[in-house]
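# Working through the structure, step by step
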Amino acid sequence: MLIRGRTLSFLRKPESLDDHAAYAYESDGALLIAEGLILASGAYETVKAQAPEGIAEIDHRPHLILPGFIDTHLHFPQMQVIGSYAANLLEWLNTYTFPEECRFVESAHAQRIATHFFDEMIRHGTTTAVAYCSVHKSSVDAFFAEALRRDMRMIAGKVMMDRNAPQGLLDTPEMGYDETRAVIEEWHGKGRNHVAITPRFAITSTPEQMRATQTLIQEFPDLHVQTHLSENRDEIDFTCSLYPEAQDYTDVYARYGMLGPKTLLGHCIHLSEREMDVMSDTGSVAVHCPTSNLFLGSGLFPLKKLGRRAKPVRVSVATDIGGGSSYSMLRTLDEAYKIQQLQGERLNPFESYHLMTRGNAEALSLADRIGTLEPGTDADFVVLDMAATPAMALKAEVVNSLADELFLLQTMGDDRAITETYVAGKAVKTGL
Ligand code: GUN
Ligand code: ZN
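Because the structure is a prediction, the values reported are computed rather than measured.

On to the site of ligand 1, then. Around ligand 1 sit His75, Gln78, Leu89, Trp92, Leu93, Arg200, Phe201, His228, Glu231, His267 and Asp320, and those are all the residues in its vicinity. Contact distances for ligand 1 include 3.4 Å between a nitrogen atom and a side-chain N or O atom of histidine 267. Aspartate 320 has a polar side-chain atom sitting 2.9 Å from a nitrogen atom of ligand 1. Expressed as a share of its isolated accessible area of 280 Å², the protein-covered part of ligand 1 is 100%. Within the shell around ligand 1, the residues separate by chemical class into four nonpolar, four polar and three charged.

Here the idea is simple: oppositely charged side chains can pair when their charged atoms come close. Enumeration according to the criterion identifies 37 salt bridges in this entry. When the shortest N-O distance is used, the salt bridge between lysine 158 and aspartate 171 registers 2.8 Å. With lysine 158 in the loop between β7 (154-157) and β8 (159-160) and aspartate 171 in the loop between β8 and α5 (173-187), the pair connects residues that are 13 residues apart, well separated along the chain. Under the relative-accessibility criterion, aspartate 171 is labelled buried at 5%. The partner of aspartate 378 in a salt bridge is arginine 369, and the shortest N-O contact between them spans 3.0 Å. Residue arginine 369 is classed as partly exposed on the basis of its relative accessible area of 23%.

Here the focus is empty space enclosed by the protein. Under the counting rule described, the total for this entry stands at one cavity of 30 Å³ or more. Residue lining of the largest cavity: His75, Gln78, Leu89, Trp92, Leu93, Arg200, Phe201, His228, Glu231, Glu235, His267 and Asp320, and that is the complete set. Here the lining of the largest cavity gets three residues from one element, more than from any other, and that element is helix α2 (residues 89-102). Residues belonging to the lining of the largest cavity are distributed by class as follows: four nonpolar, four polar and four charged.

Before going further, it helps to spend a moment on the environment of aspartate 378. The topology assignment puts aspartate 378 in the loop between α13 (349-363) and β14 (381-384). For aspartate 378, a relative accessible area of 5% translates into the label buried. Taking C-alpha positions, aspartate 378 is 10.0 Å from methionine 152, a pair spaced 226 residues apart along the chain.

The next thing to look at is a nonpolar patch on the surface. On the surface, a cluster of nonpolar side chains totalling about 260 Å² of accessible area is made up of Leu294, Leu300 and Leu342. Along the polypeptide, leucine 342 turns up in the loop between α12 (329-341) and α13.

Moving on: the layout of surface pockets. In this structure, the largest pocket spans a volume of roughly 430 Å³. Along the walls of the largest pocket sit 18 residues, with Lys13, Gly307, Val313, Val315 and Leu355 positioned nearest its centre. Those elements giving two or more residues to the lining of the largest pocket turn out to be α11 (303-308), β13 (314-317) and α13. For the lining of the largest pocket, the element with the highest residue contribution is α13, accounting for six residues. Residue classes in the lining of the largest pocket are distributed as eight nonpolar, three polar and seven charged.

On to the coordination of the zinc ion (ligand 2), then. At this site the zinc ion (ligand 2) is bound by His73 (NE2), His75 (NE2), His228 (NE2) and Asp320 (OD), with donor distances of 2.0 to 2.6 Å. Around the zinc ion (ligand 2) sit four donor atoms, and with donor-metal-donor angles ranging over 88 to 163° the site reads as irregular. Sequence positions of the residues that donate to the zinc ion (ligand 2) give the spacing H-x1-H-x152-H-x91-D. Linking histidine 75 in strand β5 (residues 69-75) with aspartate 320 in the loop between β13 and α12, this pair joins segments that are 245 residues apart in sequence. The class for histidine 75 is buried, based on a relative accessible area of 3%. Exposure remark for aspartate 320: the relative accessible area of 3% places this residue in the buried category.

Thresholds, definitions, all that
- Residues numbered from 1 in each chain as written.
- Chains lettered and ligands numbered in written order.
- Predicted model: local features only at pLDDT ≥ 70, side-chain atom pairs only at ≥ 80, totals over all residues.
- Heavy atoms only, no water.
- Near = heavy atom within 4 Å.
- Polar contact = N/O pair within 3.5 Å; in protein donor to acceptor, adjacent residues only side chain to side chain.
- Areas by Shrake-Rupley, 256 points an atom, 1.4 Å probe, with all protein chains shown as cover.
- Nonpolar A, V, L, I, M, F, W, Y, C, P; charged D, E, K, R; others polar.
- Salt bridge = Lys/Arg side-chain N within 4 Å of Asp/Glu carboxyl O.
- Helix = DSSP H or I, 4+ residues; strand = E, 2+ residues; numbered from the N terminus.
- Buried < 20%, exposed > 50% of the residue type's maximum accessible area, 1.4 Å probe, protein only.
- 1 Å grid on protein atoms, 1.4 Å probe; cavity = no way out; pocket = protein on both sides within 12 Å on 5 of 7 lines; lining within 4 Å.
- Points joined across faces, edges and corners; volume = space filled by probe spheres on them.
- Patch = residues over 30% accessible without salt bridge, like charges linked within 9 Å, V, L, I, M, F, W, Y side chains within 5 Å.
- Donors = N, O, S within 2.8 Å, 3.2 Å for Na, K, Ca; no water.
- Tetrahedral: all angles 85-135°; square planar, octahedral: opposite > 155°, others 65-115°.

Structure representation (structure tokens):
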């Protein structure tokens, strides 16, 4: 199949708004797709010349084709937690989030929510997500079964937590270890599924569970690891009181061998310079969750600062559903932009779209598979319409550059701007 449209794919991180060498843009471009992969991409005439005679063609012009969006941190059991009225993180967790996650002990409930979850991902143009399931293995099974059915590249893990939460949400160090191993054996590498080792955060794991986590990481060094770090001042204080031997919050994870290039740390808002150095030295990734940070009043993430330090910290951007308030990576980057504005920093549109696609793929060490339109990679991509609503169409009348178009889509766009989502070469949004 030949997909025609205006194509945009990043080659590397853009250094400025004028850094046109950072991306490949074709005003009349095409993708040649077969068996779930991109075989060729570039100018329409060039790609067409490589295609077999009489090939089926879909023309998305004048719309823009981008790699599918990547969301590097969210909670699948929190779809019904979105918009819960709380003063701060710990109140929000205890009042709404923990009770809601208890419901995922029921497979039928987990399966129902999994169906909705993948529908929302597709509706919003997110083709890969990194998810926390609940503590219950049944929730992980429901998640991965649905991911396999939809042939989507997903990363997810069974949450391990053995203290400071309701009884219905607690495992034990042994259970957390055994069930994580079982999940890896059953799901890792099945279809496009990846398993992440997922201790929720230091507050909800005993030192014994942290040691079991360390063992899992040593036994499965290629797997992603995900947890939360330095989101809220009370959370930081509580953590340091639980681990008095640690120098700071980051040191808690360092002591259990949890930092490294496959480790994704949600939030990282209030890190000291020492902690940033440790993040940098270990190649760990700080995952920025802007709508969540604003919604829970957690603080302003130093995105630009982390990138320009002498020891830069790898960064990524995510929705953090259900602390986050939108499934849309466009809405998410709009809020990321505003958080930088409040700190006197600029986040230009090319940087934003790089982050949603190739940047997040690199944060996951998966840029050889997703996040670009390069030949040989997975055919996961989205079609964007900058005139998707009457208000956007009116503004679009005065847009006359690619940067302005991207910025309009980010500032006013949401799921309505996603005309189509392709997963492994198949159009899956139309007909949802
Ligand atoms: N820290 C520990 N668990 C959570 C969670 O579910 N959401 C957020 N935002 N922070 C957390
Ligand atoms: Zn989270």
